[in-house]
Amino acid sequence: MVHALEEIHRLLKPTGVLIDIHPVAESSPVEIHQGGKIDLAGHLSVSQWCTDFQQADQALTEIIQRGLFATERESVFDSLTHYDSAAEMRTDLKESIDKFARDAQSADEAVPHAEALAARAEELLQAAASGAELIVRERVHISRLKPI
């Protein structure tokens, strides 16, 4: 990641900016929203994703410490992913796990967790009246960096 940021620095005009957006390395609540009430189905935590997000943080810290970029602004916000059903969430998570897993072991560890979360979300959705929403709340870090 550091090499990619070095290349961006090399290619970026002196007046340009780098906008970095990546999830925070923490678990994401899976929520059922209905009528102003929020029920927690559980927390989505895929260790490989958290490791990747930590590596992104470390790479940014390194290039800032080396004086390649300076942070102009940064913030953390909630990114909400809405699903029509637990089945849709299950499919999305499995596709993401398959796409981003580095090896079979990390995928094998993540899939049962995603399955259990989807099953719990399905239980809560079935118990809720119509109009309930299934939402995954992910904390995201955004920063605006200028080249030095």
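Nothing here was measured: the structure is a model prediction, and the numbers come from that model.

## Here we look at the overall build of the protein chain
Tallying secondary structure elements over the protein chain gives four helices and five strands in all. Whereas a compact globule of 148 residues would reach a radius of gyration of roughly 15 Å, the protein chain reaches 18 Å, over 25% beyond that. In terms of overall dimensions, the protein chain has C-alpha extents of about 55 × 40 × 20 Å along its principal axes. Going through the 148 residues of the protein chain one by one, you find that 37% of them count as buried. Once the 14 positive and 25 negative side-chain charges of the protein chain are each reduced to a mean point, those two points are 8 Å apart.

## So, the pairing of strand 3 (residues 37–44)
With seven bridges joining them, strand 2 (residues 28–34) and strand 3 adopt antiparallel strand pairing. Bridged to Pro 29 within strand 3 is His 43. The antiparallel hairpin formed by strand 2 and strand 3 contains two residues in its connecting segment, where Gly 35 sits at a positive phi of about 55°.

## Digging into the nonpolar core
One finds Val 30, Ile 32, Leu 44, Met 89, Ala 121 and Leu 134 to be the most contacted residues of the largest nonpolar core, which totals 20 residues. Here the element with the most residues in this core is helix 4 (residues 104–127); it accounts for seven residues. Here Leu 44 is in contact with Ser 27, Ser 28, Val 30, Trp 49, Leu 93, His 113 and Leu 117, once residues within four sequence places are set aside. Core analysis: the second largest hydrophobic core is formed by nine residues, Leu 60, Leu 68, Phe 69 and Leu 145 among them.

## As for the pattern of salt bridges
This model, assessed by the stated rule, comprises eleven salt bridges. Arg 144 is the partner of Glu 72 in a salt bridge, and the nearest nitrogen-oxygen pair spans 2.4 Å. Here Arg 144 lies in strand 5 (residues 133–147) and Glu 72 lies in strand 4 (residues 69–83), a separation of 72 residues in the sequence. A residue is classified by how much of its surface remains accessible, and Glu 72, at 38% relative accessible area, is partly exposed.

## Examining the environment of Glu 7
Along the chain, the position of Glu 7 falls in helix 1 (residues 2–11). On the basis of relative accessibility, which here comes to 28%, the residue Glu 7 falls in the partly exposed class. When the C-alpha positions of Glu 7 and Val 140 are compared, they lie 24 Å apart, and in sequence the two are 133 residues distant.

## Thoughts on helix 3 (residues 86–100)
With 15 residues, helix 3 should cover 21 Å at 1.5 Å per step; its first-to-last C-alpha distance of 21 Å lies within 8% of that length. By the burial criterion, the buried members of helix 3 are Ala 86, Met 89, Leu 93, Ser 96 and Ile 97. Along helix 3, the residues classed as buried sweep out an arc of 100° about the axis, all on the same side. Summarising the geometry of helix 3, the exposed residues directed more than 90 degrees from the buried face are Glu 95, Asp 98 and Lys 99.

## Comments concerning the environment of Gly 35
One can find Gly 35 in the loop between strand 2 and strand 3. Gly 35 sits in the exposed class, given a relative accessible area of 85%. Between the C-alpha atom of Gly 35 and that of Ala 132, which follows or precedes it by 97 residues, the distance is 7.8 Å.

## Some points on the side chain of Ser 28
Structurally, Ser 28 is set in strand 2. The residues contacting Ser 28, other than those within four sequence positions of it, are Gly 42, His 43, Leu 44, Val 136, Arg 137 and Glu 138.

## Describing a nonpolar patch on the surface
Together, Val 17, Ile 19, Ile 21 and Phe 77 make up an exposed nonpolar region whose accessible area comes to about 320 Å². Note that Phe 77 resides in strand 4.

## Focus: the confidence of the model for the protein chain
Residues at a pLDDT of 70 or more form 93% of the protein chain, whose mean pLDDT is 89. Across the protein chain, strand 4 holds the top mean pLDDT of 97, while helix 4 sits lowest at 83.

Calculation rules
Residues numbered from 1 in each chain as written. Predicted model: local features only at pLDDT ≥ 70, side-chain atom pairs only at ≥ 80, totals over all residues. Heavy atoms only, no water. Helix = DSSP H or I, 4+ residues; strand = E, 2+ residues; numbered from the N terminus. Rg over C-alpha atoms; globule rule 2.2 N^0.38 Å. Buried < 20%, exposed > 50% of the residue type's maximum accessible area, 1.4 Å probe, protein only. Lys, Arg positive; Asp, Glu negative; His and termini not counted. Charge placed at Lys NZ, Arg CZ, Asp CG, Glu CD. Pairing = 2+ DSSP bridges. Core = buried A, V, L, I, M, F, W, Y, C linked by side-chain atoms within 4.5 Å. Contact = heavy atoms within 4.5 Å. Salt bridge = Lys/Arg side-chain N within 4 Å of Asp/Glu carboxyl O. Expected span 1.5 Å × (residues − 1). Arc of directions from axis to C-beta. Patch = residues over 30% accessible without salt bridge, like charges linked within 9 Å, V, L, I, M, F, W, Y side chains within 5 Å. Areas by Shrake-Rupley, 256 points an atom, 1.4 Å probe, with all protein chains shown as cover. pLDDT = per-residue confidence, 0-100.

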